[in-house]
Amino acid sequence: MLHADAAWRLGPRACALFAWHRLRLRAGVIARSLGDIVLPSGRLLPDAMPGDRLAGDAAALAAAAEAAVATGWHGPFPADTLAADLDLFTPGDIRPVWEANRLLALPLLALAARCAPADGHLERAEVLLADWRAANPPFRGPAWACGQEAALRALHLCLALALLEVDRAPPPAMRALLAAHARRIAATRAYAAAQDNNHAISEPAGLFVLGLVLNDRRMARHAARDLVRAVAWLVAPDGSFAQASPGYHRLLLDTLSLAEWFRRRHGAPPFDPPFASRTAAATAWLARVMEPGSGALPRCGATDDSHLADLTLHGAADARGSVGRAISLFAAEQNDGGSVAELISAGAHAREEELEGLSRSGTPRQGLPDDRDRPAEEDRRGSAPPNHPAKCLEHLERSYLVSGTGVAPLPLKWATGARAGFGAFPGYGAPRQISAFKGSVADGLPSTLPATSMGSPDGEACRGQAPPTPPQKPQNGLAAAEPVPWHSEGWFGVHNARFRLLLRTGAPLRFRPSQADLLHLDLTLDGQPLLIDGGTGAYNPPPDDAWWTDALAGTAGHNTIEFDSQEQMPRIGRFLFARWPACRALPDGGALRDHRGRAHQRRIRLSPTAVTIEEQVGGPFARLVLRWRLAPGAWDLTTTGVSGPRARIVVTADVPHGIRLAQGWHSPAYGRVEPAPVLEMTAAAPVTRLVTRVEA
């Protein structure tokens, strides 16, 4: 019954695609399409450098390249097993193996060679790639086991060729290697499309770029069509992504940025609508949730630190390079240059300390308006050049953050982090939400809320849009200090000068959740994490650490309420849940009701020095636990909550309750799990109201 429920919620499209993939797999069609081939010998990269030299730190690029190279290409997985027959789980976690096989080192070494032609970086890249080719014959071993991994590797290979200015005429041996990648991706396209996540984006993007580099117009044309369809299906008009994870949203932008850059570079026709509007909105979405001073992203949802083509060496923990590159490609005034210098400078735009100096650097910005003579001080007064990230992001906010009354012309200031954005967004297609609230979202809650409750007394939800919010009047070129909330599919956010908050509303829950994280709340204070998500740990942790999955991805791994020690929804697979809760957006938060009839409503109020979170609960339960997962640090338990060096947290309820400071766990990076304190409030029925106040 649970599997039938999950299939119903996934919908006929995803189930039919997966069934078709399984049928082709069992019939041997995929294995036959991936039969052994022998790649020709010969150089894979050119033996001479382009004439012009690029400015850059070749030593830093080379060091980053060496750090990206694994000690072995296969990890614990057999090297000679047919990829279609490979067991991806029993030997260990394949995610680190796949990361090394994405070959980020190649574009880094290619760029280092352009910066320092006489230092041997090009030959190092050739040796590295030749070693990889010898160790990974086509369609055998872990490197070929996943179509998405082949696509991401192909994008890095094509990028290395572009950096060396040979992407229009690759050496014959490289052409054969790229053709093998195209063949691998095409073999399992139905599986990728069925996932409704980054697989469905990465694989057509990889085929599109391969089609351009191999001069296969038919491949490029069909892949462009598939990519547009995937973007239209998976990226909502408000910019939210089907894979509810800021980390995977970054990978989405990286992939789409490379596809767009290669399109311009090779003079291919623009992608059909709604590609341009959805990519611009997706850029605005990630910029909105990113901490502007550090580039940190909330570790909500499944997070494995994936990123692509990090030529500016921001690293896995800093998304500013990805956001800056996407802003330049999807929000700047249209340019069709596709130059190497443009790609590099686009990512570098995002570092706050580089915003002033970039426009004066010696790196040409082909195809972009020249603003080198404009004083940097104008950036800080809100009068940035047209293609400065601040102006580009302002364009995104104006164009895609739509309120109930239309476009919201809000000012912003990128360099200071004082950005504004709000609005409700029209529903994206018909929600495939099986269970639904009957009447108000307060069904199952007390019939009236206390007089001190935030929001309207009737608890009515936003049906498709949030109430209109008047635009804030700019003050000296900056956004007004009043916090401005925003809604998108699955999320609610708000920030002011000190706090930045992100709430996982799940409304509407159109695509499968990766974790039991509904109504989880992430909070930063002064740019540093305060209330955190447990993270991911690993997709396939070692046997002794199998507890990571439930501890981090389960309800107890998030800042939400757990009823009767039961999960929000039952897990039926490694990446699949059944009986998804019904979710609704509220003007100032979100609400859910699970399959057992338990209701949870969360409302948020933000002031300059405090955040107030009010919970209303109802339905059949005996006991609940409200958890606040605290950032690691010196926290002391008090009679009303906890106190730390940066904040005090007070929790109250309308019945007697218990408070304790427990030891929990969090995953600050993929593959790492560390202790973290957790504030727990326990209360028994008939509790109906809980309030948390976070004071800076």
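On a predicted model such as this, the values are computed, not experimentally measured, just so you know.

Here's the deal with the overall build of the protein
Phase 1: Secondary structure summary: the protein contains 20 helices and 21 strands in total.
Phase 2: In the protein, which comprises 696 residues, the proportion classed as buried is 60%.
Phase 3: A fraction of 71% describes how many contacts in the protein between residues 6 or more apart in sequence connect residues 24 or more apart.

Side note on the sheet that holds strand β20 (residues 672-684)
Phase 1: With antiparallel pairing, four strands are arranged side by side in an open sheet as β8-β15-β20-β19. For this open sheet the edge positions go to β8 (561-563) and β19 (657-669), each flanked by a neighbour on one side alone. In this sheet, neighbouring strand axes are inclined to one another by 30° on average, regardless of whether the strands run parallel or antiparallel.
Phase 2: Looking at chain direction, β8 and strand β15 (residues 623-629) are connected through three bridges and run antiparallel. Bridging from a neighbouring strand, Glu 562 pairs with Val 625 of β15.

So, helix α13 (residues 246-265)
Phase 1: Here α13 spans 28 Å end to end across 20 residues, near enough to the 28 Å set by a 1.5 Å rise per residue.
Phase 2: Of all 20 residues in α13, 20 are buried, a share of seventy percent or more.
Phase 3: Gly 267, located one to two residues past α13, shows a positive phi value of around 65°.

A look at the side chain of His 74
Phase 1: Here His 74 shows up in the loop between α4 (58-67) and α5 (95-101).
Phase 2: Residue classification places His 74 among the buried residues on the basis of a relative accessible area of 16%.
Phase 3: For His 74, the side chain forms a polar contact with the side chain of Asn 136, separated by 3.3 Å.
Phase 4: Residues in contact with His 74, not counting those within four places in the same chain, are Ala 79, Val 97, Ala 135, Asn 136 and Pro 142.

Focus on the pairing of strand β4 (residues 491-495)
Phase 1: Among the five residues of β4, five are classified as buried, and the element is accordingly described as predominantly covered.
Phase 2: Residues of β4 alternate between two faces, with Trp 491, Gly 493 and His 495 on one and Phe 492 and Val 494 on the opposite face, all of them buried.
Phase 3: Across three bridges, strand β3 (residues 486-488) lies against β4 in antiparallel orientation. Across the sheet, the residue bridging to Trp 486 is Gly 493, located in β4.
Phase 4: Between β3 and the antiparallel strand that follows it, β4, lie two residues; Gly 490 among them carries a positive phi value of about 90°.
Phase 5: Between β4 and the antiparallel strand that follows it, strand β5 (residues 499-504), lie three residues.

Thoughts on the pattern of salt bridges
Phase 1: Overall, the coordinates contain 35 salt bridges when judged by the stated rule.
Phase 2: The shortest N-O distance in the salt bridge between Arg 102 and Glu 149 comes to 2.8 Å. With Arg 102 in the loop between α5 and α6 (105-115) and Glu 149 in helix α8 (residues 147-163), this residue pair connects regions lying 47 residues apart in the sequence.
Phase 3: Relative accessible area serves as the criterion here: at 2%, Arg 102 is assigned to the buried category.
Phase 4: Residue Glu 149 is classed as buried on the basis of its relative accessible area, which comes to 4%.
Phase 5: The network of salt bridges with shared partners includes Asp 52, Arg 114, Glu 165, Asp 167 and Arg 265.

Quick look at the environment of Ala 192
Phase 1: Tracing the backbone through its elements, the reader meets Ala 192 in helix α10 (residues 189-195).
Phase 2: Each C-alpha atom, one on Ala 192 and one on Gln 148, is 7.6 Å from the other, the two residues being 44 residues apart in sequence.

Examining the sheet that holds strand β21 (residues 689-695)
Phase 1: As summarised here, the arrangement of the eight strands in space is β11-β12-β13-β14-β21-β18-β17-β16, forming an open sheet in which the pairing is antiparallel. Since the sheet does not close on itself, it has two edges, and those belong to β11 (582-586) and β16 (636-637), each with one partner.
Phase 2: With five bridges connecting them, β11 and strand β12 (residues 589-593) associate as antiparallel partners. By the bridge assignment, Cys 583 is partnered in β12 with Leu 592.

Focus on the confidence of the model for the protein
Phase 1: Of all residues in the protein, 79% attain a pLDDT of 70 or more, and the chain-wide mean is 83.
Phase 2: In this model, residues 349-391 is a region of pLDDT below 50 whose contacts with residues beyond four sequence positions or in other chains number 85 contacts.
Phase 3: Low pLDDT (under 50) marks residues 400-480, which in the prediction has 220 contacts with non-local residues, meaning those over four places away or in another chain.

Details of the side chain of Arg 602
Phase 1: Tracing the backbone shows Arg 602 in strand β13 (residues 599-606).
Phase 2: Of the polar contacts made by the side chain of Arg 602, one reaches the backbone oxygen of Leu 519; its length is 2.5 Å.
Phase 3: A polar contact of 2.7 Å, which involves the side chain of Arg 602, links it to the backbone oxygen of Asn 559.

Re the packing of aromatic side chains
Phase 1: Within this structure, the stated rule accounts for 15 aromatic pairs.
Phase 2: For the ring pair Trp 233 and Phe 511, a centre distance of 5.7 Å and an interplane angle of 85° mean the geometry is edge-to-face. Of this pair, Trp 233 sits in helix α12 (residues 217-234) while Phe 511 is found in the loop between β5 and β6 (521-525), placing the two residues 278 residues apart along the sequence.
Phase 3: What makes Trp 233 partly exposed here is its relative accessible area of 26%.

Comments concerning the nonpolar core
Phase 1: Ranked by internal contacts, the top residues of the largest apolar core, which has 125 residues, are Leu 129, Met 174, Leu 178, Ile 201, Phe 208 and Leu 227.
Phase 2: Top element by residues in this core is α8. It accounts for twelve residues.
Phase 3: With 34 residues, the next largest nonpolar core counts Val 617, Leu 630, Val 642 and Leu 690 among its residues.

Some remarks on the packing of helix α14 (residues 275-289) against helix α15 (residues 320-330)
Phase 1: One way to put it is that α14 packs onto α15 with a least axis distance of 10 Å and a crossing angle of 150°. Comparing their axes, α15 and α14 come out roughly antiparallel. Between α14 and α15 the crossing geometry is left-handed. Side by side, α14 and α15 meet where Phe 275, Thr 279, Ala 280, Thr 283, Leu 286 and Ala 287 of the first sit next to Val 323, Ala 326, Ile 327 and Phe 330 of the second.
Phase 2: Of the residues contributing to the contact of α14 with α15, the split by class is eight nonpolar, two polar and no charged.

Focus on unusual backbone geometry
Trans peptide bonds make up the majority, and among non-glycine residues the majority have a negative phi.
Phase 1: Between Pro 273 and the following residue, Pro 274, the backbone shows a cis peptide bond with an omega angle of 5°.
Phase 2: Of note, the bond from Ala 685 into Pro 686 is cis; its omega dihedral lies within 30 degrees of zero at 15°.
Phase 3: Tracing the backbone through its elements, the reader meets Pro 686 in the loop between β20 and β21.
Phase 4: In this model, Leu 103 sits at a positive phi of 60°, which is unusual for a non-glycine residue.
Phase 5: You can see Leu 103 is positioned in the loop between α5 and α6.

Analysis parameters
- Residues numbered from 1 in each chain as written.
- Predicted model: local features only at pLDDT ≥ 70, side-chain atom pairs only at ≥ 80, totals over all residues.
- Heavy atoms only, no water.
- Helix = DSSP H or I, 4+ residues; strand = E, 2+ residues; numbered from the N terminus.
- Buried < 20%, exposed > 50% of the residue type's maximum accessible area, 1.4 Å probe, protein only.
- Contact = heavy atoms within 4.5 Å.
- Pairing = 2+ DSSP bridges.
- Axes fitted to C-alpha atoms, helices over the stretch in contact; angles between N-to-C directions.
- Expected span 1.5 Å × (residues − 1).
- Polar contact = N/O pair within 3.5 Å; in protein donor to acceptor, adjacent residues only side chain to side chain.
- Salt bridge = Lys/Arg side-chain N within 4 Å of Asp/Glu carboxyl O.
- pLDDT = per-residue confidence, 0-100.
- Phe/Tyr/Trp six-rings, centres within 6.5 Å; stacked < 30°, edge-to-face > 60°.
- Core = buried A, V, L, I, M, F, W, Y, C linked by side-chain atoms within 4.5 Å.
- Parallel < 35°, antiparallel > 145°, perpendicular 65-115°, else oblique.
- Left-handed = near helix turned anticlockwise from the far one by under 90°.
- Nonpolar A, V, L, I, M, F, W, Y, C, P; charged D, E, K, R; others polar.

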